[in-house]
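So you can see what is in the structure, the chains are spelled out below.
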Amino acid sequence: MSSSDEHRSTPAPAGSDSTGARVSRLAGTWFPLVVLVAGAVAVAVPAPFLLLGPAVNWLLALIMLGMGMTLRTGDFTVVARRPWALAIGVVAQFVVMPLLGLGLATLLQLPPALAVGVVLVGSAPGGTASNVMVYLARGDTALSVAMTTVSTLLAPLLTPLLVLLLAGNLLPVDAGGLFVSIVQIVIAPIVVGLLLRRFLPGLVAQVLPWMPLVSVLGITLVVLAVVAGSAAAILSTGLLVALVVVLHNVCGYGLGYLAARVVGLDESSRRAVAVEVGMQNSGLAAGLARTHFTPESALPAALFSVWHNVSGSVLAAWWSRRPTAPGVRQDDTPGAQRA
(Lines give C-alpha, C1' and ligand atoms only; values in the text may rest on other atoms or scores of the structure.)
Protein backbone atom coordinates (compact mmCIF):
# COMPACT_ATOMS: atom_id res chain seq x y z
CA MET A 1 0.00 0.00 0.00
CA SER A 2 1.70 2.20 -1.03
CA SER A 3 1.32 0.83 -2.46
CA SER A 4 1.01 0.50 -2.05
CA ASP A 5 1.06 -0.20 0.19
CA GLU A 6 1.28 3.57 -0.94
CA HIS A 7 2.51 10.25 -0.16
CA ARG A 8 4.91 12.33 -2.03
CA SER A 9 4.98 16.00 -1.14
CA THR A 10 4.57 18.58 -3.84
CA PRO A 11 4.87 22.18 -2.76
CA ALA A 12 2.08 24.51 -3.75
CA PRO A 13 2.71 26.73 -6.77
CA ALA A 14 5.14 29.56 -6.18
CA GLY A 15 3.70 32.40 -4.17
CA SER A 16 0.63 30.48 -3.04
CA ASP A 17 -0.48 28.15 -0.26
CA SER A 18 -3.66 26.68 -1.65
CA THR A 19 -6.42 25.11 0.38
CA GLY A 20 -5.60 21.79 -1.28
CA ALA A 21 -1.97 21.99 -0.22
CA ARG A 22 -2.87 22.87 3.37
CA VAL A 23 -5.46 20.10 3.64
CA SER A 24 -3.04 17.63 2.05
CA ARG A 25 -0.28 18.53 4.51
CA LEU A 26 -2.69 18.00 7.38
CA ALA A 27 -3.78 14.64 5.96
CA GLY A 28 -0.14 13.61 5.50
CA THR A 29 0.71 14.55 9.08
CA TRP A 30 -2.06 12.38 10.52
CA PHE A 31 -1.77 9.61 7.90
CA PRO A 32 -0.21 6.91 10.16
CA LEU A 33 -2.83 7.45 12.87
CA VAL A 34 -5.67 7.47 10.31
CA VAL A 35 -4.50 4.15 8.86
CA LEU A 36 -4.08 2.64 12.32
CA VAL A 37 -7.61 3.66 13.35
CA ALA A 38 -9.03 2.43 10.03
CA GLY A 39 -7.46 -0.98 10.57
CA ALA A 40 -8.87 -1.24 14.09
CA VAL A 41 -12.35 -0.20 12.96
CA ALA A 42 -12.33 -2.73 10.09
CA VAL A 43 -11.45 -5.56 12.49
CA ALA A 44 -14.09 -4.53 15.03
CA VAL A 45 -16.89 -3.88 12.52
CA PRO A 46 -15.96 -5.52 9.19
CA ALA A 47 -19.39 -5.88 7.56
CA PRO A 48 -19.89 -2.28 6.29
CA PHE A 49 -16.51 -2.27 4.56
CA LEU A 50 -16.79 -5.58 2.70
CA LEU A 51 -18.52 -3.76 -0.15
CA LEU A 52 -15.26 -1.89 -0.79
CA GLY A 53 -13.49 -5.10 -1.83
CA PRO A 54 -14.18 -4.86 -5.60
CA ALA A 55 -12.95 -1.25 -5.60
CA VAL A 56 -9.46 -2.00 -4.21
CA ASN A 57 -7.70 -2.24 -7.57
CA TRP A 58 -9.43 0.92 -8.84
CA LEU A 59 -8.35 2.82 -5.73
CA LEU A 60 -4.77 1.66 -6.23
CA ALA A 61 -4.91 2.73 -9.88
CA LEU A 62 -6.09 6.19 -8.79
CA ILE A 63 -3.10 6.49 -6.45
CA MET A 64 -0.74 5.44 -9.24
CA LEU A 65 -2.36 8.02 -11.53
CA GLY A 66 -1.40 10.66 -8.98
CA MET A 67 2.14 9.28 -8.89
CA GLY A 68 2.36 9.56 -12.68
CA MET A 69 1.26 13.19 -12.57
CA THR A 70 4.01 14.03 -10.05
CA LEU A 71 6.88 12.48 -12.02
CA ARG A 72 9.40 14.91 -13.47
CA THR A 73 12.55 14.58 -15.54
CA GLY A 74 14.57 15.41 -12.45
CA ASP A 75 13.31 12.25 -10.76
CA PHE A 76 15.40 10.23 -13.18
CA THR A 77 18.63 12.24 -13.05
CA VAL A 78 19.83 10.04 -10.18
CA VAL A 79 20.09 7.19 -12.70
CA ALA A 80 22.75 9.12 -14.64
CA ARG A 81 24.44 10.86 -11.70
CA ARG A 82 24.67 7.97 -9.25
CA PRO A 83 23.73 4.70 -10.95
CA TRP A 84 25.67 2.67 -8.34
CA ALA A 85 23.60 3.94 -5.40
CA LEU A 86 20.36 3.42 -7.29
CA ALA A 87 21.36 -0.08 -8.43
CA ILE A 88 22.31 -1.14 -4.89
CA GLY A 89 19.01 0.14 -3.56
CA VAL A 90 16.83 -1.53 -6.19
CA VAL A 91 18.74 -4.84 -6.00
CA ALA A 92 18.38 -4.82 -2.21
CA GLN A 93 14.66 -4.10 -2.63
CA PHE A 94 14.05 -7.15 -4.81
CA VAL A 95 16.50 -9.51 -3.08
CA VAL A 96 16.29 -8.73 0.64
CA MET A 97 12.53 -8.43 1.08
CA PRO A 98 11.37 -11.48 -0.96
CA LEU A 99 13.96 -13.82 0.60
CA LEU A 100 13.37 -12.38 4.05
CA GLY A 101 9.63 -12.88 3.66
CA LEU A 102 10.05 -16.52 2.58
CA GLY A 103 12.51 -17.15 5.41
CA LEU A 104 10.20 -15.75 8.08
CA ALA A 105 7.15 -17.57 6.71
CA THR A 106 9.09 -20.84 6.70
CA LEU A 107 10.67 -20.31 10.13
CA LEU A 108 7.32 -19.56 11.79
CA GLN A 109 5.53 -22.26 9.76
CA LEU A 110 2.78 -20.12 8.30
CA PRO A 111 0.02 -21.89 6.33
CA PRO A 112 0.56 -21.78 2.55
CA ALA A 113 -1.98 -19.01 1.89
CA LEU A 114 -0.40 -16.71 4.47
CA ALA A 115 3.13 -17.64 3.38
CA VAL A 116 2.29 -16.66 -0.21
CA GLY A 117 0.93 -13.37 1.11
CA VAL A 118 4.18 -12.63 2.93
CA VAL A 119 6.26 -13.46 -0.15
CA LEU A 120 3.96 -11.27 -2.26
CA VAL A 121 4.50 -8.32 0.10
CA GLY A 122 8.25 -8.87 -0.08
CA SER A 123 8.17 -9.03 -3.87
CA ALA A 124 6.22 -5.80 -4.27
CA PRO A 125 7.97 -2.55 -5.26
CA GLY A 126 8.87 0.13 -2.75
CA GLY A 127 6.13 1.89 -0.86
CA THR A 128 5.45 5.41 -2.07
CA ALA A 129 5.00 6.87 1.43
CA SER A 130 8.71 6.16 1.82
CA ASN A 131 9.64 9.36 -0.06
CA VAL A 132 8.25 11.57 2.69
CA MET A 133 9.66 9.32 5.43
CA VAL A 134 13.13 9.66 3.88
CA TYR A 135 12.75 13.42 3.68
CA LEU A 136 11.73 13.62 7.34
CA ALA A 137 14.64 11.31 8.25
CA ARG A 138 17.12 13.73 6.60
CA GLY A 139 17.86 11.11 3.97
CA ASP A 140 18.63 11.43 0.27
CA THR A 141 15.17 12.19 -1.07
CA ALA A 142 16.20 12.24 -4.75
CA LEU A 143 17.57 8.71 -4.39
CA SER A 144 14.40 7.63 -2.59
CA VAL A 145 12.12 8.97 -5.33
CA ALA A 146 14.27 7.33 -8.02
CA MET A 147 14.23 3.98 -6.19
CA THR A 148 10.44 4.07 -5.77
CA THR A 149 9.96 4.95 -9.44
CA VAL A 150 12.38 2.37 -10.84
CA SER A 151 11.18 -0.46 -8.59
CA THR A 152 7.57 0.35 -9.53
CA LEU A 153 8.39 0.25 -13.25
CA LEU A 154 10.22 -3.08 -12.80
CA ALA A 155 7.39 -4.63 -10.79
CA PRO A 156 5.38 -6.09 -13.72
CA LEU A 157 8.33 -8.33 -14.54
CA LEU A 158 10.03 -8.94 -11.20
CA THR A 159 7.07 -9.31 -8.85
CA PRO A 160 5.37 -12.21 -10.73
CA LEU A 161 8.73 -13.90 -11.35
CA LEU A 162 9.77 -13.72 -7.69
CA VAL A 163 6.39 -14.97 -6.43
CA LEU A 164 6.51 -17.86 -8.91
CA LEU A 165 10.07 -18.84 -7.96
CA LEU A 166 9.69 -18.49 -4.20
CA ALA A 167 6.06 -19.46 -3.60
CA GLY A 168 5.11 -21.56 -6.62
CA ASN A 169 5.44 -24.72 -4.51
CA LEU A 170 2.97 -23.38 -1.92
CA LEU A 171 0.02 -22.40 -4.12
CA PRO A 172 -0.55 -22.23 -7.88
CA VAL A 173 0.87 -18.94 -9.16
CA ASP A 174 -0.49 -17.35 -12.33
CA ALA A 175 2.56 -15.26 -13.23
CA GLY A 176 0.95 -14.04 -16.44
CA GLY A 177 -2.14 -12.92 -14.59
CA LEU A 178 -0.02 -11.09 -12.01
CA PHE A 179 1.83 -9.35 -14.84
CA VAL A 180 -1.40 -8.18 -16.46
CA SER A 181 -2.83 -6.99 -13.13
CA ILE A 182 0.28 -4.96 -12.29
CA VAL A 183 0.26 -3.36 -15.73
CA GLN A 184 -3.40 -2.44 -15.26
CA ILE A 185 -3.06 -1.21 -11.67
CA VAL A 186 0.37 0.43 -11.87
CA ILE A 187 1.87 1.03 -15.31
CA ALA A 188 -1.23 2.15 -17.25
CA PRO A 189 -2.27 4.79 -14.65
CA ILE A 190 1.31 6.10 -14.40
CA VAL A 191 1.48 6.46 -18.20
CA VAL A 192 -1.88 8.28 -18.20
CA GLY A 193 -0.58 10.57 -15.45
CA LEU A 194 2.57 11.34 -17.44
CA LEU A 195 0.49 12.11 -20.54
CA LEU A 196 -1.81 14.40 -18.56
CA ARG A 197 1.19 16.29 -17.19
CA ARG A 198 2.62 16.59 -20.70
CA PHE A 199 -0.52 17.69 -22.57
CA LEU A 200 -2.73 19.25 -19.87
CA PRO A 201 -0.25 20.93 -17.50
CA GLY A 202 -2.75 23.57 -16.39
CA LEU A 203 -5.27 20.97 -15.26
CA VAL A 204 -2.55 18.94 -13.52
CA ALA A 205 -1.30 22.04 -11.70
CA GLN A 206 -4.77 22.57 -10.27
CA VAL A 207 -5.22 18.92 -9.29
CA LEU A 208 -1.79 18.17 -7.81
CA PRO A 209 -2.22 20.02 -4.50
CA TRP A 210 -5.17 17.75 -3.74
CA MET A 211 -3.53 14.47 -4.78
CA PRO A 212 -1.86 13.73 -1.42
CA LEU A 213 -5.29 13.96 0.22
CA VAL A 214 -6.75 11.71 -2.47
CA SER A 215 -3.93 9.23 -1.89
CA VAL A 216 -4.41 9.23 1.87
CA LEU A 217 -8.14 8.62 1.44
CA GLY A 218 -7.45 5.93 -1.17
CA ILE A 219 -5.00 4.03 1.02
CA THR A 220 -7.36 4.34 4.00
CA LEU A 221 -10.22 2.82 1.96
CA VAL A 222 -7.90 0.03 0.76
CA VAL A 223 -6.93 -0.75 4.36
CA LEU A 224 -10.61 -0.77 5.40
CA ALA A 225 -11.50 -3.14 2.55
CA VAL A 226 -8.58 -5.54 2.94
CA VAL A 227 -8.62 -5.67 6.75
CA ALA A 228 -12.41 -6.17 6.76
CA GLY A 229 -12.05 -9.04 4.31
CA SER A 230 -9.40 -10.61 6.55
CA ALA A 231 -11.02 -9.81 9.90
CA ALA A 232 -11.73 -13.44 10.81
CA ALA A 233 -8.17 -14.47 9.94
CA ILE A 234 -6.78 -11.54 11.95
CA LEU A 235 -8.69 -12.66 15.03
CA SER A 236 -7.53 -16.28 14.66
CA THR A 237 -3.93 -15.94 13.44
CA GLY A 238 -3.38 -12.21 13.67
CA LEU A 239 -0.70 -12.23 16.38
CA LEU A 240 1.51 -14.66 14.48
CA VAL A 241 1.11 -12.81 11.18
CA ALA A 242 1.65 -9.50 12.96
CA LEU A 243 4.95 -10.85 14.33
CA VAL A 244 6.03 -11.83 10.81
CA VAL A 245 5.02 -8.41 9.45
CA VAL A 246 6.91 -6.51 12.15
CA LEU A 247 10.04 -8.63 11.72
CA HIS A 248 9.82 -8.38 7.93
CA ASN A 249 9.59 -4.60 8.02
CA VAL A 250 12.15 -3.94 10.76
CA CYS A 251 14.70 -6.41 9.37
CA GLY A 252 14.16 -4.81 5.95
CA TYR A 253 15.18 -1.44 7.40
CA GLY A 254 18.24 -2.98 9.03
CA LEU A 255 19.41 -5.06 6.08
CA GLY A 256 18.80 -2.20 3.65
CA TYR A 257 20.93 0.12 5.80
CA LEU A 258 23.61 -2.57 6.13
CA ALA A 259 23.74 -3.20 2.37
CA ALA A 260 24.18 0.52 1.70
CA ARG A 261 26.88 0.77 4.37
CA VAL A 262 28.81 -2.25 3.09
CA VAL A 263 29.13 -0.73 -0.39
CA GLY A 264 30.25 2.62 1.05
CA LEU A 265 27.22 4.87 0.51
CA ASP A 266 27.07 7.99 2.69
CA GLU A 267 24.74 8.28 5.69
CA SER A 268 22.06 10.18 3.79
CA SER A 269 21.93 7.48 1.11
CA ARG A 270 21.97 4.70 3.72
CA ARG A 271 18.85 6.13 5.29
CA ALA A 272 17.14 6.35 1.91
CA VAL A 273 17.97 2.75 1.02
CA ALA A 274 16.95 1.50 4.48
CA VAL A 275 13.51 3.11 4.31
CA GLU A 276 12.95 2.16 0.67
CA VAL A 277 13.80 -1.49 1.34
CA GLY A 278 11.73 -1.71 4.51
CA MET A 279 8.58 0.01 3.20
CA GLN A 280 6.66 -1.95 0.57
CA ASN A 281 3.74 -1.12 -1.71
CA SER A 282 1.57 -3.33 0.46
CA GLY A 283 -1.61 -1.91 -1.05
CA LEU A 284 -0.59 -3.36 -4.40
CA ALA A 285 0.28 -6.67 -2.70
CA ALA A 286 -3.15 -6.74 -1.06
CA GLY A 287 -4.92 -6.07 -4.35
CA LEU A 288 -2.95 -8.80 -6.12
CA ALA A 289 -3.57 -11.27 -3.28
CA ARG A 290 -7.33 -10.66 -3.39
CA THR A 291 -7.40 -11.03 -7.17
CA HIS A 292 -5.11 -14.02 -7.67
CA PHE A 293 -5.03 -15.95 -4.39
CA THR A 294 -7.36 -15.88 -1.36
CA PRO A 295 -8.64 -13.23 1.07
CA GLU A 296 -6.42 -14.88 3.68
CA SER A 297 -3.39 -14.25 1.45
CA ALA A 298 -4.14 -10.53 1.66
CA LEU A 299 -3.81 -10.54 5.47
CA PRO A 300 -0.02 -9.96 5.62
CA ALA A 301 -0.36 -7.03 3.20
CA ALA A 302 -3.25 -5.58 5.21
CA LEU A 303 -1.24 -5.65 8.44
CA PHE A 304 1.87 -4.40 6.65
CA SER A 305 -0.13 -1.44 5.30
CA VAL A 306 -0.92 -0.35 8.84
CA TRP A 307 2.38 -1.21 10.50
CA HIS A 308 4.95 0.18 8.05
CA ASN A 309 3.40 3.64 8.08
CA VAL A 310 3.67 3.70 11.88
CA SER A 311 7.19 2.26 12.02
CA GLY A 312 8.35 4.50 9.17
CA SER A 313 7.11 7.58 10.99
CA VAL A 314 8.87 6.52 14.20
CA LEU A 315 12.14 5.78 12.38
CA ALA A 316 11.96 9.09 10.51
CA ALA A 317 11.37 10.98 13.76
CA TRP A 318 14.35 9.24 15.39
CA TRP A 319 16.69 9.94 12.47
CA SER A 320 15.47 13.52 12.13
CA ARG A 321 17.17 14.30 15.44
CA ARG A 322 20.46 12.80 14.25
CA PRO A 323 22.02 14.94 11.49
CA THR A 324 23.96 13.28 8.72
CA ALA A 325 27.64 14.11 8.27
CA PRO A 326 28.43 17.59 6.85
CA GLY A 327 28.42 17.83 3.10
CA VAL A 328 26.04 15.00 2.30
CA ARG A 329 23.07 15.65 0.08
CA GLN A 330 19.48 16.12 1.10
CA ASP A 331 16.93 17.85 -1.09
CA ASP A 332 14.98 20.82 0.22
CA THR A 333 11.68 19.15 -0.60
CA PRO A 334 10.59 15.60 -1.37
CA GLY A 335 9.88 16.71 -4.92
CA ALA A 336 6.31 15.52 -4.96
CA GLN A 337 3.92 13.80 -2.64
CA ARG A 338 2.74 10.25 -2.94
CA ALA A 339 0.85 8.01 -0.65
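In case you missed it, the structure is sitting above this.
What counts as what
Residues numbered from 1 in each chain as written. Predicted model: local features only at pLDDT ≥ 70, side-chain atom pairs only at ≥ 80, totals over all residues. Heavy atoms only, no water. Helix = DSSP H or I, 4+ residues; strand = E, 2+ residues; numbered from the N terminus. Buried < 20%, exposed > 50% of the residue type's maximum accessible area, 1.4 Å probe, protein only. Areas by Shrake-Rupley, 256 points an atom, 1.4 Å probe, with all protein chains shown as cover. Salt bridge = Lys/Arg side-chain N within 4 Å of Asp/Glu carboxyl O. Contact = heavy atoms within 4.5 Å. Expected span 1.5 Å × (residues − 1). Bend = angle between axes of the 7 residues up to and from the residue. Core = buried A, V, L, I, M, F, W, Y, C linked by side-chain atoms within 4.5 Å. Phe/Tyr/Trp six-rings, centres within 6.5 Å; stacked < 30°, edge-to-face > 60°. Patch = residues over 30% accessible without salt bridge, like charges linked within 9 Å, V, L, I, M, F, W, Y side chains within 5 Å. Axes fitted to C-alpha atoms, helices over the stretch in contact; angles between N-to-C directions. Parallel < 35°, antiparallel > 145°, perpendicular 65-115°, else oblique. Left-handed = near helix turned anticlockwise from the far one by under 90°.

Undergrad: A description of the overall build of the protein chain should follow, citing residues and the corresponding values.
TA: Within the protein chain, the secondary structure is distributed over 15 helices and zero strands. Classification of the 339 residues of the protein chain by burial places 56% in the buried group. For the protein chain, the accessible area works out to roughly 13200 Å², and carbon and sulfur atoms hold 73% of it.

Undergrad: Residue-level account of the pattern of salt bridges, with values.
TA: A complete count under the given rule lists three salt bridges for this structure. Linking arginine 82 and aspartate 140 is a salt bridge whose minimum nitrogen-to-oxygen distance equals 2.4 Å. Here arginine 82, found in the loop between helix H4 (77–81) and helix H5 (83–107), pairs with aspartate 140, found in the loop between helix H7 (130–136) and helix H8 (141–167); they are 58 residues apart in sequence, far enough to count as distant. On the basis of relative accessibility, which here comes to 0%, the residue aspartate 140 falls in the buried class. Linking arginine 270 and glutamate 267 is a salt bridge whose minimum nitrogen-to-oxygen distance equals 3.7 Å. Residue arginine 270 and its partner glutamate 267 are located together in helix H13 (residues 267–278), separated by three residues, close to a single helical turn. Taking the relative accessible area as the measure of exposure, arginine 270 reaches 18% and is therefore buried. By relative accessible area, which is 17% here, glutamate 267 ends up buried. Several salt bridges converge on common partners, so that one network encompasses Glu267, Arg270 and Arg271.

Undergrad: Before we move on, could you go through unusual backbone geometry and cite the residues and values that matter?
TA: With phi around 55°, glutamine 109 is a residue other than glycine that occupies positive phi space. Secondary-structure assignment places glutamine 109 in the loop between H5 and helix H6 (112–123).

Undergrad: Account for the environment of proline 98, with residues named and values stated.
TA: Structurally, proline 98 can be placed in helix H5. The exposure class of proline 98 is buried, given its relative accessible area of 1%. Sequence separation between proline 98 and histidine 248 is 150 residues, and the spatial gap between their C-alpha atoms is 9.5 Å. Setting aside its immediate chain neighbours within four residues, proline 98 contacts Gln93, Gly122, Ser123, Leu162 and Leu166.

Undergrad: For H5, give the residues involved together with the corresponding values.
TA: Taking 1.5 Å of rise per residue, the 25 residues of H5 would be expected to cover 36 Å, and the 35 Å separating its terminal C-alpha atoms lies within 8% of that figure. Where H5 bends most, the angle comes to about 25°, and this point is alanine 92. Count one or two residues on from H5 and you reach glutamine 109, which has phi positive near 55°.

Undergrad: Residue-level account of the nonpolar core, with values.
TA: Among the nonpolar cores identified, the biggest contains 92 residues, and Leu143 and Val186 are the most heavily contacted of them. A total of 10 residues in this core trace back to one element, the largest contributor, which is H5. Contact partners of valine 186, with chain neighbours within four places excluded, come to Met64, Thr152 and Leu284.

Undergrad: Hey, could you go over the packing of aromatic side chains for me, with residue numbers and the actual values?
TA: How two aromatic rings sit relative to each other is set out by the distance from centre to centre and by the angle between their planes. One pass over the structure, following the stated rule, counts two aromatic pairs. Seen in terms of ring centroids, tryptophan 318 and tryptophan 319 are 6.4 Å apart; in terms of plane orientation they differ by 45°. Their pairing is tilted. Classification of tryptophan 319 by relative accessible area gives buried; the value is 8%. Taken together, the ring pairs connect Tyr257, Trp318 and Trp319 into an aromatic cluster.

Undergrad: For the environment of glycine 176, give the residues involved together with the corresponding values.
TA: Mapped onto the elements of the fold, glycine 176 is located in helix H9 (residues 175–199). Given the relative accessible area of 44%, glycine 176 is considered partly exposed.

Undergrad: Explain a nonpolar patch on the surface to me, and be specific about the residues and the numbers.
TA: Where nonpolar side chains cluster on the molecular surface, the patch consists of Leu26, Trp30, Leu33, Val34, Leu36, Val37 and Val41 and spans about 600 Å² of accessible area. Mapped onto the secondary structure, valine 37 falls in helix H2 (residues 31–44).

Undergrad: Please provide a residue-by-residue account of the packing of helix H3 (residues 56–70) against H9, values included.
TA: Running from N to C, H3 and H9 point in directions that differ by 40°, and their axes come no closer than 7 Å. Our classification of the angle between H3 and H9 gives oblique. Two packed elements cross with a definite hand, and for H3 against H9 that hand is right-handed. Residues Asn57, Leu60, Ala61, Met64, Leu65, Met67, Gly68, Met69 and Thr70 of H3 pack against Ile185, Val186, Pro189, Ile190, Val192, Gly193, Leu194, Leu196 and Arg197 of H9.

Undergrad: Lay out the packing of H8 against H13 with the relevant residues and their values.
TA: Packing of H8 against H13 leaves a shortest axis separation of 9 Å and a crossing angle of 30°. In terms of orientation, H8 and H13 fall into the roughly parallel class. As for the relative orientation of H8 and H13, their crossing is right-handed in sense. Here Leu143, Ser144, Met147 and Thr148 of H8 come into contact with H13, specifically with Ser269, Ala272, Val273 and Glu276.

Undergrad: Which residues make up helix H15 (residues 299–320), and what are the values?
TA: The end-to-end C-alpha distance of H15 is 32 Å, a good match for the 32 Å that 22 residues give at a rise of 1.5 Å each. Most pronounced at serine 305, the bend in H15 amounts to some 25°.

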